[in-house]
Amino acid sequence: MERFDVTIIGGGPVGLFGAALASLHGMKTKVIESLPQLGGQLYTLYPEKYVYDVAGFPAILAKDLASQLIDQALRYHPTICLNQTVNRLETLADGAYQLYTENETHETRTILITSGLGSFTPRKLPQPSAEAFVEHGLYYFVPPLAHFQDKRVLVIGGGDSALDWTLAIADTAAQVVLVHRRGEFRGQQSTVNQLQAHPRVTIRTFTECLEFRGQGTLEEVVLVDRQTHAEETLATEAAVAALGFLPDLGRLKEWGLTLQAGSIVVEGPMRTSRPGIYAAGDIAAYEGKEKLIATGFGEVGNALGHIRGYLDPTKRGGLPHSSNIKIHV
Ligand SMILES: Cc1cc2nc3c(=O)[nH]c(=O)nc-3n(C[C@H](O)[C@H](O)[C@H](O)COP(=O)(O)OP(=O)(O)OC[C@H]3O[C@@H](n4cnc5c(N)ncnc54)[C@H](O)[C@@H]3O)c2cc1C
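About the cut-offs
Residue positions are counted from 1 within each chain, in the order its sequence is given. It should be noted that, the model being predicted, local features are given only for residues of pLDDT at least 70 and side-chain atom pairs only at 80 or more, the latter also being counted only at that level, while totals for whole chains, interfaces and linings use all residues. As a rule here, side-chain values come from all non-hydrogen atoms in the structure, and water together with hydrogens is ignored. Here a strand pair is declared whenever DSSP counts at least two bridges between the two strands. Under the scheme used here, helices are H or I runs from DSSP no shorter than 4 residues and strands are E runs no shorter than 2 residues, and both carry numbers assigned from the N terminus. A fitted line through C-alpha atoms serves as each axis, taken over the contacting stretch for helices, and the angle formed by two N-to-C directions is quoted from 0 to 180°. We define a salt bridge as a contact between a side-chain nitrogen of Lys or Arg and a carboxyl oxygen of Asp or Glu at a distance within 4 Å. Exposed residues in this analysis have more than 50% of their type's maximum accessible area, buried residues have under 20%, and partly exposed residues fall in between, with area computed by a 1.4 Å probe over protein chains only. Contacts are residue-level and defined by heavy atoms, with any inter-residue pair within 4.5 Å sufficient.

(A) Structural view of the pairing of strand β6 (residues 88-91). Relative to strand β7 (residues 97-100), β6 runs antiparallel, the two sharing 4 bridges. When the sheet's bridge partners are listed, T91 is paired in β7 with Y97. Between β6 and β7, which pair antiparallel and follow one another directly, the connecting turn spans 5 residues, one of which, G95, has a positive phi of 90 degrees.

And the structure:
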């Protein structure tokens, strides 16, 4: 089995920057990501929001930041494995590790955990009729926006991500109906104002979905007004359930690492309680921790400086400046 110097668990912003740094500094690097795409929370939770606090970008859409990070990482050709969740860990006789996902085994000398909030499990719709249409018109993970071109779309939810997706989908869709069971949204009022003024958006508060219908793919949704109990059948070619995601550390909890409130406790240079296993980004906990992208970038640099020294004791002393490396740009 091919052995890697460092295997990064999680392809969010911190894991991606880690992949760029590790490969740039000559480490044989692999990234394992449980979702079908890289980008972590930037892509999954708030792709259409601007981020203002990442160094070098006065304002950048989260999805654009994710794609810059992906470009930066891929430039140095790390191995990327998508659609695989790391579950189990085994220590080999020489101190290296084997990582198990649902369909593969990976061998690595060190591990860098950048699994953020854990693997994202979407909150599911309670209506039993919804299940048959998942990925057949009903989406918990939003497909590329071109998918909604000229369609009648329903978005379900009342938080920031429901509001953001409604606004984004309205760019291409024929019409978007935003359904929320309460009277008030939990997201930004400025986005609600934009949606209220949008010619192709209808907002339905105090409204719930009763039933999802169609022959193979979604065709209509029955809505009910929670105040009047009036029912209405809406022709709908696509629906997005933006009800939030449940963070789950999954089986990483069983690895014997020191945990604190669902995060992995690190000390010194982002070292966990097991040799050769490091953590950075949202998953890493220490006193005074700020969960920010900028913090994660610094942490992953620290972690990799020490991983490099762990892999080759002649290289202790941190990462050399990249400006001293000869790279064809
Ligand atoms: C609405 C919102 C707005 C935000 N705005 C800002 C902002 O303006 N500025 C800022 O600095 N921060 C912001 N944040 C926080 C920021 O997004 C996080 O700090 C950042 O995403 C953390 O990056 P990460 O790489 O550590 O983790 P994540 O982005 O959570 O990525 C972790 C990745 O690991 C994968 N994964 C998890 N478990 C496994 C496993 N077992 N096997 C394989 N893969 C796994 C996940 O699928 C995910 O892709 C915001 C967060 C939210 C929700």
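(B) View of the sheet that holds strand β16 (residues 231-235). Pairing in this open sheet of 3 strands is antiparallel, and the strands run β14-β15-β16 from one edge to the other. Lying at the two open borders of the sheet, with one neighbouring strand each, are β14 (207-213) and β16. Mean inter-strand twist for the sheet, computed between neighbouring axes without regard to direction, equals 30 degrees. When strand β15 (residues 220-225) meets β16, the two strands line up antiparallel, connected through 5 bridges. Each residue of the ladder has a partner; that of L223, found in β16, is E232.

(C) Examining the pattern of salt bridges more closely. Scanning all chains against the criterion turns up 16 salt bridges. Notably, a salt bridge pairs R3 with D94, separated by 2.7 Å at the nearest N-O pair. With a gap of 91 residues between them, R3 in strand β1 (residues 3-9) and D94 in the loop between β6 and β7 connect regions that are remote in the sequence. Accessibility expressed as a relative area gives 51% for D94, which makes it exposed. Residues K49 and D164 are paired through a salt bridge, measuring 3.7 Å at the closest nitrogen-oxygen approach. Taken together, the residues K49 in the loop between α2 (41-44) and β3 (50-51) and D164 in helix α4 (residues 160-170) connect sequence positions 115 residues apart. Residue K49 shares its accessibility class with D164, and that shared class is buried.

(D) Representation of the sheet that holds strand β17 (residues 238-241) in the model. The 5 strands lie next to each other as β10-β17-β11-β12-β13, forming an open sheet whose pairing is parallel. Strands at the two margins of the open sheet, each flanked by one partner only, are β10 (138-139) and β13 (201-204). For strand β11 (residues 152-156) and strand β12 (residues 175-179), the ladder comprises 5 bridges, and the chain directions are parallel. Residue V153 lies in a different strand from β12, and its bridge partner there is V176. Strand contacts of α4: β11, β12, β13 and β17, with the helix running at about 170 degrees to β12, the strand carrying the most contacts.

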